[in-house]
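Listed below are the residues making up each chain.
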Amino acid sequence: MKLEHIQIQTSNIESTTAFYSHTLGLSILEHNKESVSFQAGNSILQFTENPKFDSIYHFAFNIPENKLDEAIAWCTNKVALIRIEDQNVIAHFENWNANAVYFYDNNGNLLEFIARHDLHNSQTGKFSSKSILNISEIGIVTKNPLELGNQLRQEHRLEFFNKNDNSELFAAVGDDEGLLIMVPPNRNWYPTQTPSESNATAITIKNNGTFVELQF
């Protein structure tokens, strides 16, 4: 499953444009007073302006599975990586066979670089913004994650992530290429103490050759 296009909100288009184009080095596809779109590997990340918006999103980018250490070095002087525990910035997800680091954007959104070792997508070149492969995850806040997951299965033939212990507190739909991470309101986004909130999100998914448009 591929997350082709994600549309979320920001209260400040200009500072968001500066962060994603200058700090992360993503190419701008479109930019006006109402929205800005970036090429994030094989995905498109779009922000629309809402001056009253006062919340945060959580989303992740896949990077080559052998480049996490280089990504950490690349982040130096760009963003402050979030400490997980014992001053370590790397989160280990044994069941998912993945490792990740977390940081904030200019909006306070929780971003993540994740290296999924089962994708076998190693690269030999030096890590750069071009090493960002695609949007890997987007967080969806819903009262009942399992119920929403089953609805997506029935209506759009999406499947629960087979590496995840899906529950009413945390469920994931998709695969290593792209995931909808579903949590209930006020569940802290790992590894922070920031509670989850339901925010308007538009997603275009490509699943087995079929495009699916979702609005949350």
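Attention here is on the structure that accompanies the text. (Residues numbered from 1 in each chain as written. Predicted model: local features only at pLDDT ≥ 70, side-chain atom pairs only at ≥ 80, totals over all residues. Heavy atoms only, no water.)

## Focus on the packing of aromatic side chains
- Scanning the model with the defined rule gives 15 aromatic pairs in all.
- Between W74 and F113, the ring centres sit 6.2 Å apart and the planes meet at 45°, which makes this aromatic pair tilted. With W74 in helix α2 (residues 68–75) and F113 in strand β8 (residues 110–116), the pair connects residues that are 39 residues apart, well separated along the chain.
- Through a chain of ring-to-ring contacts, three or more aromatic side chains come together here, namely F59, F61, W74, F103, F113 and F127.
- In this arrangement the basic side chain of K78 is found over the ring face of W74, its NZ or CZ atom lying 4.7 Å from the centre. (Phe/Tyr/Trp six-rings, centres within 6.5 Å; stacked < 30°, edge-to-face > 60°. Helix = DSSP H or I, 4+ residues; strand = E, 2+ residues; numbered from the N terminus. Lys NZ or Arg CZ within 6 Å of the ring centre and 35° of its normal.)

## Considerations on the pairing of strand β1 (residues 2–10)
- Taken together, the five bridges between β1 and strand β12 (residues 202–207) define a ladder with antiparallel strand orientation. Of the residues in β12, the one forming a bridge with I6 is I203.
- With six bridges joining them, β1 and strand β4 (residues 43–49) adopt parallel strand pairing. Paired with T10 across the strands is E49, a residue of β4. (Pairing = 2+ DSSP bridges.)

## Considering the side chain of S37
- Structurally, S37 is set in strand β3 (residues 35–40).
- With residues up to four places along the chain from it excluded, the contact list for S37 reads S27, I28, L29, E30, I44, L45 and Q46. (Contact = heavy atoms within 4.5 Å.)

## Concerning the nonpolar core
- If you look at the biggest cluster of nonpolar residues, it comprises 50 residues, and the most contacted ones within it are Y20, F59, F61 and F113.
- In terms of residues, this core owes the most to one element, α2, which gives five residues.
- Each residue touching F113, except ones within four places of it in the same chain, is listed here: F61, I63, L68, A71, W74, C75, N99, A100, V101, F103, F127 and I132.
- The next biggest cluster of nonpolar side chains, apart from the first, holds 19 residues, and it includes A60, I84, A98 and F161. (Core = buried A, V, L, I, M, F, W, Y, C linked by side-chain atoms within 4.5 Å. Buried < 20%, exposed > 50% of the residue type's maximum accessible area, 1.4 Å probe, protein only.)

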